[in-house]
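Tertiary structure, described
Residues per chain are reported as follows:
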Amino acid sequence: MKTKEILKRARKLAAPFRVTNGSKFRLKDVDPGDTLGLKSEDKARAKEALAAGVETLARLQDMLYAQDKWAVLLIFQAMDAAGKDSAIKHVMSGINPQGCQVFSFKAPTSEDLDHDYLWRCVKCLPERGRIGIFNRSYYEETLVVRVHPEFLQKQKLPPELVGQGIWKDRFQDIRGFERYLIRNGVRVCKFFLHVSKKEQKRRFLERIENPQKNWKFSADDTKEREFWDDYMEAYEEMIRHTATKEAPWYVVPANNKWFTRMVVASAVIDALASLKLAYPDVGRVKLKELAAAKRVLNRR
């Protein structure tokens, strides 16, 4: 498949799940099982399309690295067992490790808590020419911290700064932060992998029943299911207040991993293609150096 055709298909596949203005967004309008009409028997074709997409991503990433002007930040948020790790693994499988940086954010350390909540993420931002991946991110500060207010109490904030308006303040700060990144050459692309509660249960049971997947399961995972509705409300608010044209959210149906990976790959391809990447022009001096080197090599 030609690159132009891949780019066209990627844009078309990603578009239905892109949220650039969240004012009217409702999470209930997104079906976690949606596959845009593709059936399970289309999995083979989907894998072929993903493989072609991975090759295209590799070429785009190579140009991104060589051009050394832009950086790309990919943010993944989801409930447990939604498939963040597997999506990152499969979609980025062809990327040169030199040009990719992955960070996973767990519970904040004591050092983290002695700084503002953006601090630990800011120091992990990708360098120019690289793709940075955040497996969870500063958005946890509007999700798990909102669902569990006791975590907010550990952040040592002055009491007068902790009120009902703190979440709107954080949404405003995050929009401003992402605007700052974009104005400094960092393309921001955010993914919420939307899995259903029923599918999450099936995947949890699979982790328990399959000895090779036991290591993936934590008792805390089932405890968080008790707060499912609270999390869904928090995710909806997060997307509504932080989806912008410059830093869109992709709300990706996650019940079918093969489809999830296709959409994520398509969105990343579309984001990279929009940067108009190209290999740098080396100029006359460099061309002369290359010509001289070629003559030397041909003599030996």
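Let us look at the structure shown here.

Cut-offs applied
Residues numbered from 1 in each chain as written. Predicted model: local features only at pLDDT ≥ 70, side-chain atom pairs only at ≥ 80, totals over all residues. Heavy atoms only, no water. Salt bridge = Lys/Arg side-chain N within 4 Å of Asp/Glu carboxyl O. Helix = DSSP H or I, 4+ residues; strand = E, 2+ residues; numbered from the N terminus. Buried < 20%, exposed > 50% of the residue type's maximum accessible area, 1.4 Å probe, protein only. Lys, Arg positive; Asp, Glu negative; His and termini not counted. Polar contact = N/O pair within 3.5 Å; in protein donor to acceptor, adjacent residues only side chain to side chain. Contact = heavy atoms within 4.5 Å. Core = buried A, V, L, I, M, F, W, Y, C linked by side-chain atoms within 4.5 Å. Pairing = 2+ DSSP bridges.

What follows deals with the pattern of salt bridges. Using the criterion set out here, one finds 15 salt bridges in the structure. Its salt-bridge partner being R202, residue E199 comes within 2.8 Å of it at the nearest N-O pair. Remark: R202 and E199 occur in helix α9 (residues 197–209); sequence separation between them is three residues, near one turn of the helix. With a relative accessible area of 12%, E199 lands in the buried category. Note on R202: relative accessible area 44%, which makes it partly exposed. Ionic pairing is found between E206 and K213, a salt bridge with its closest N-O pair at 3.1 Å. K213 sits in the partly exposed class, given a relative accessible area of 26%.

Inspection of the secondary structure puts R207 in helix α9. Among buried charged residues, R207 stands out as having no salt bridge; its nearest opposite-charge side chain is D221, 4.2 Å away. Among the polar contacts made by the side chain of R207, one reaches the main-chain carbonyl oxygen of K216 at a distance of 3.4 Å. Excluding anything up to four places from it in sequence, R207 contacts A81, K213, N214, K216, F217 and D221.

Our focus in this paragraph is the nonpolar core. In this structure, L74, Y138, F191 and L272 are the most contacted members of the largest nonpolar core, which totals 88 residues. With eleven residues, helix α12 (residues 257–273) is the largest single contributor of residues to this core. In this structure Y138 touches L73, I75, Y117, L118, C121, I174, F177 and E178, once residues within four positions along its chain are discounted.

Among the eight residues in strand β2 (residues 71–78), eight count as buried, and that is most of the element. Sheet analysis places β2 next to strand β5 (residues 186–194), joined by eight bridges and oriented parallel. Along β5, the bridge assignment pairs A78 with L193. Here β2 pairs with strand β4 (residues 131–135) via five bridges, running parallel. Across the sheet, I75 pairs through a bridge with F134, a residue of β4.

Pairing in this open sheet of six strands is mixed, and the strands run β1-β6-β5-β2-β4-β3 from one edge to the other. Edge positions in the open sheet fall to β1 (18–19) and β3 (100–104), since each of these has one partner strand only. Where β1 lies against strand β6 (residues 249–253), two bridges are found, and the strand directions are antiparallel. Bridging across to β6, V19 finds its partner in W249.

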